[in-house]
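# Fold and geometry: a report
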Amino acid sequence: ETSSSLSSLNTRKMEVTYTNSLIDLVRNQVSSTWRSPVLAISFGVFALWSSYLNSIESVGVFYLYQFLLNLIWMIFVIFVAATIMALLIYGSAILGRSREVILGPHRIEISEDGITEETTTQWTRIKWRGVHRIRANGRFIRIYLSPMSLYLVPRSSFSSRQDSEAFLKITRQFFGSAKK
């Protein structure tokens, strides 16, 4: 279960407290897999190649049908593989000493100086120049420290959609100011 609170709502500093669930982490991993351009090109190439091999003597509509069927099959296979991979990655970390850091409570404070994250076992301070990018969708606000490392803030952790949008807006403003 995801829980959170937004303690201050101003333009100089904001703080959010949340707890990620294993489901949040797996959803993030699986959705990140789909955003890979390499994966998208691989889907298309494999589907074309497989369609060609399976229907060398076919033309027209049957070839298109075969292509779409192969593409759907590849998407399904990659989805299952990404889900299993995420469960293995996070499952092993959760069973180990990283459980409190990954699934425990997080407190993130954003200010003009950067981001401060605090868990039950660690405290981290990142300047805005150390932030790689910021992405958001309907479920999460993702603050990437590198292409593979991020703070995953569930939107459900905010008391309202307005608080979530305010947090995202301020975060993007601070990030944008640091990149100028």
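Residues numbered from 1 in each chain as written. Predicted model: local features only at pLDDT ≥ 70, side-chain atom pairs only at ≥ 80, totals over all residues. Heavy atoms only, no water.

## Section: the overall build of the chain
Going by this rule: Helix and strand definitions here come from DSSP, where helices need a minimum of 4 consecutive H or I residues and strands a minimum of 2 consecutive E residues; each element is numbered from the N-terminal end. Note on classification: 1.4 Å probe, protein chains only; a residue is buried when its accessible area is under 20% of the maximum for its type, exposed when over 50%, partly exposed between these limits. Note on contacts: a residue pair qualifies if any of its non-hydrogen atoms lie within 4.5 Å across the two residues.
Regarding its fold elements, the chain presents five helices and eight strands. Written out in order from the N terminus, the α and β elements of the chain read β-β-α-α-α-α-β-β-β-β-β-β-α. Residues classed as buried in the chain amount to 38% of the 180 residues present. For the chain, the share of sequence-separated contacts (at least 6 apart) that also reach a separation of at least 24 residues comes to 51%.

## Looking at the side chain of Glu109
By the secondary structure assignment, Glu109 is in strand β3 (residues 105-111). Judged by its relative accessible area of 16%, Glu109 is buried. If we skip the residues at most four places from it in the chain, Glu109 touches Lys13, Met14, Glu15, Gly114, Ile115 and Thr116.

## Topic: the nonpolar core
Short version of the rule: Nonpolar cores were defined as sets of buried Ala, Val, Leu, Ile, Met, Phe, Trp, Tyr and Cys residues, with membership established by side-chain atoms within 4.5 Å.
Counting residues in each nonpolar core, the largest one holds 21 residues, and the members touching the most others are Ile108, Ile110, Ile115, Trp128, Val131 and Phe167. Sorting elements by how many residues they give to this core places helix α5 (residues 161-179) first, with six residues. Every residue in contact with Ile110, bar those within four places of it in the chain, is listed here: Arg12, Lys13, Met14, Ile115, Trp128, Phe167, Ile170, Thr171 and Phe174.

## Points about the pairing of β3
Cut-off, in case you're wondering: DSSP-based pairing: two strands are paired if at least 2 bridges between them are found.
Summarising burial for β3: five of the seven residues are buried, a large majority. Pairing between strand β2 (residues 13-19) and β3: seven bridges, direction antiparallel. For Glu15, the partnering residue across the bridge sits in β3 and is Glu109. Between β3 and strand β4 (residues 114-118), which pair antiparallel in sequence order, lie two residues.

## Looking at the side chain of Ser157
You can see Ser157 is positioned in the loop between β8 (150-154) and α5. Taking the relative accessible area as the measure of exposure, Ser157 reaches 1% and is therefore buried.

## Some words on the environment of Asn70
Relative to the helices and strands, Asn70 is located in helix α3 (residues 61-95). On the accessibility criterion, Asn70 (9% relative accessible area) is buried. Sequence-wise, Asn70 and Ser50 are 20 residues apart; in three dimensions their C-alpha atoms are separated by 6.9 Å.

## Side note on the sheet that holds strand β7 (residues 140-144)
Definition in use: Interaxial angle, 0 to 180 degrees, is taken between N-to-C directions of lines fitted to C-alpha atoms, where a helix line uses only the stretch in contact.
Taken together, the three strands give an open sheet; going across it, the order is β6-β7-β8, and neighbouring strands pair in antiparallel fashion. Because the sheet does not close on itself, it has two edges, and the strands there are β6 (133-136) and β8. When the angles between neighbouring strand axes are averaged without regard to direction, this sheet yields 15°. Sheet strands in contact with α5 are β6 and β7, and its direction is about 160° off that of β6.

Just distances and angles here, no functional claims.
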